[in-house]
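Structural characterization, general
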Amino acid sequence: MIFSALSPLLRVPLLASLTRDSLLRMDPETAHGATINALRLGLAPQQDGPDAPELKTSIAGLELSNPVGMAAGFDKNGEVPRALALMGFGMVEIGTVTPRPQSGNPKPRLFRVAAAEGVINRMGFNNDGHDDVFRRLNDVRVPAALGVNIGANKDTADFISDYARGVARFARIADYLTVNISSPNTPGLRDLQQSEALKRLLQAVLTVRSKSPVRVPVFLKIAPDLDEAALDSIAAVIAATDLDGLIVSNTTISRDPIAGMENAAEMGGLSGKPLFDLATIRLAQMRQRTSLPIIGVGGIHSPQSALEKFEAGANAIQLYSALVFGGLDLLDRIKRGLAAAVRAQGKRNISELVGTRTADWASRK
Ligand SMILES: Cc1cc2nc3c(=O)[nH]c(=O)nc-3n(C[C@H](O)[C@H](O)[C@H](O)COP(=O)(O)O)c2cc1C
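Given the structure is predicted, the values throughout are model-derived calculations rather than measurements.

**Section: helix α4 (residues 130-138)**
Those residues of α4 lying buried are His 130, Val 133, Phe 134 and Leu 137. Buried residues of α4, viewed axially, fall in a sector of 105°; they line one side. Those residues of α4 that are buried are in contact with α3 (81-87), β4 (91-97), β7 (145-150) and α5 (159-170).

**Describing the environment of Arg 289**
Structurally, Arg 289 is set in the loop between α8 (276-287) and β12 (294-297). For Arg 289, a relative accessible area of 22% puts it in the partly exposed group. Sequence-wise, Arg 289 and Met 91 are 198 residues apart; in three dimensions their C-alpha atoms are separated by 25 Å. Not counting residues up to four positions away in its chain, the partners in contact with Arg 289 are Glu 228, Leu 231, Asp 232 and Ala 235.

**Points about the confidence of the model for the protein**
A low pLDDT score tells you not to read the predicted coordinates there in detail. Per-chain confidence: the protein averages 93 in pLDDT, with 95% of residues scoring 70 or above. In the model, residues 1-17 has pLDDT below 50 throughout and makes 52 contacts with residues more than four positions away in sequence or in other chains.

**Some words on the pattern of salt bridges**
This structure, assessed with the given rule, holds 23 salt bridges. For Arg 357, the salt bridge identified is with Glu 311, shortest N-O distance 3.3 Å. Of this pair, Arg 357 sits in the loop between α11 (329-344) and α12 (358-362) while Glu 311 sits in helix α9 (residues 303-312), and the two are 46 residues apart along the sequence. Among the residues examined, Arg 357 registers a relative accessible area of 29% and is labelled partly exposed. Here the salt bridges do not stand alone but share partners, grouping Arg 209, Arg 215, Asp 242 and Asp 244 into one network.

**Quick look at the sheet that holds strand β3 (residues 68-70)**
Pairing is parallel around the closed barrel formed by eight strands, whose spatial order is β3-β4-β7-β8-β9-β10-β12-β13. The sheet shows a mean angle of 25° between the axes of neighbouring strands, direction not considered. As paired elements, β3 and strand β13 (residues 316-319) share three bridges and run parallel to each other. Its bridge partner being in β13, Met 70 is matched across the sheet by Leu 319. Helix-sheet contacts for α4 involve β4 and β7, and the interaxial angle to β4 is about 160°.

**Quick notes on the nonpolar core**
Grouped together as the largest cluster of nonpolar side chains are 87 residues, with contacts concentrated most on Tyr 163, Phe 170, Leu 220, Met 286 and Leu 338. The leading source of residues in this core is α11, at seven residues. Not counting residues up to four positions away in its chain, the partners in contact with Leu 220 are Val 179, Ile 181, Leu 198, Leu 202, Ile 234, Ile 238, Leu 243, Gly 245, Leu 246 and Ile 247. Residues Ile 59, Ala 71, Tyr 176 and Ile 295 belong to the second largest nonpolar core, which totals twelve residues.

**Considerations on the environment of Ala 204**
With respect to the helices, strands and loops of the structure, Ala 204 is situated in helix α6 (residues 195-211). Residue classification places Ala 204 among the partly exposed residues on the basis of a relative accessible area of 23%. As for Ala 204 and Ala 164, which are separated by 40 residues in sequence, their C-alpha atoms are 6.2 Å apart.

**Remarks on the layout of surface pockets**
By volume, the largest pocket is sized at about 790 Å³. Looking at the largest pocket, it is lined by 46 residues, and the ones nearest its centre are Ala 72, Gly 73, Phe 74, Asn 121 and Tyr 320. Taken together, the elements giving at least two residues each to the lining of the largest pocket come down to α2 (28-40), β5 (110-113), β6 (118-121), β11 (269-272), β13 and α10 (322-326). Tallying contributions element by element places α2 first for the lining of the largest pocket, with seven residues. By volume, the second largest pocket is sized at about 320 Å³.

Cut-off values and rules
Residues numbered from 1 in each chain as written. Predicted model: local features only at pLDDT ≥ 70, side-chain atom pairs only at ≥ 80, totals over all residues. Heavy atoms only, no water. Buried < 20%, exposed > 50% of the residue type's maximum accessible area, 1.4 Å probe, protein only. Helix = DSSP H or I, 4+ residues; strand = E, 2+ residues; numbered from the N terminus. Arc of directions from axis to C-beta. Contact = heavy atoms within 4.5 Å. pLDDT = per-residue confidence, 0-100. Salt bridge = Lys/Arg side-chain N within 4 Å of Asp/Glu carboxyl O. Pairing = 2+ DSSP bridges. Axes fitted to C-alpha atoms, helices over the stretch in contact; angles between N-to-C directions. Core = buried A, V, L, I, M, F, W, Y, C linked by side-chain atoms within 4.5 Å. 1 Å grid on protein atoms, 1.4 Å probe; cavity = no way out; pocket = protein on both sides within 12 Å on 5 of 7 lines; lining within 4 Å. Points joined across faces, edges and corners; volume = space filled by probe spheres on them.

Shown next, in the form of structure tokens:
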């Protein structure tokens, strides 16, 4: 994880070497740890000035000053949500968090595919567990929508009860929850996307939510590796529930866009630029099947690609991998580009651009 806009770091001799180029030369997981540490030390740049009014967004009852979020997996343990919000993200999703701490897969487990600006990870839900993360979040005020992404321990006897426990634990302190059933790195997890399992999962999760004192919005995060029949069955299941929205998508197990490149043979989920087309096609195909809010994720790497997610049908967006290659000023460029696109089309708000090219994207292969 590399931010190019770490200019305040340059004033701190110890951290002066943490430039984007030097981070790109480091082992990827070491670079990520160094970036989290820099953020924890308060060395991140902060946004000066409010967001453009064109970017104000309402999604599933959440009021966002801008619709650009940090995707799950960057801050798995809720260590730096406030720093990320102060940088200018309109939402910050921490996690995935599982009930018990777990160490994840053996290292190395994070790889760059530099030629394609892609990332492959098989982290395997390394995280501190519910108790530690809850304590950390309980102590912090985050000036953005705070999402908690919940998952299941690899060795759990019952996947569904792990999600139910996540809702019970975090409903009170999260602005929204994400039920993540789309990581490719926990064997069996993606099977929860199948109709019968998904029904049982959502029933359990939403029953726990209905008993919590506040009605926290719940999103379901799905994989891009689903065909249209699978999207049909997910749409049918969610239509019969009071789920609040979808996140499309997680990483892909496909290697087609990076065939023959460095690290392409590594196991895990591919993200970043090579995921963009697949994730945006699935987003548009899901938009044709539901009127629920959708957060579009996967391969956003420029203001234009961010705009295309909205045109394909997203109500808000998240990104992660492109910050590795593009630096943090990408966030600022994306927000300025989106506001300019709204004005250039004679509109007043980004919501007016949602779904203007859904059919086009949905029919791509
Ligand atoms: C290193 C890494 C770890 C991730 N961990 C998680 C995770 O714990 N939970 C989750 O829902 N998604 C996780 N993701 C997926 C991202 O949230 C996002 O869906 C995906 O990377 C596509 O967006 P991007 O192309 O902008 O990175 C992870 C991604 C990366 C690169």
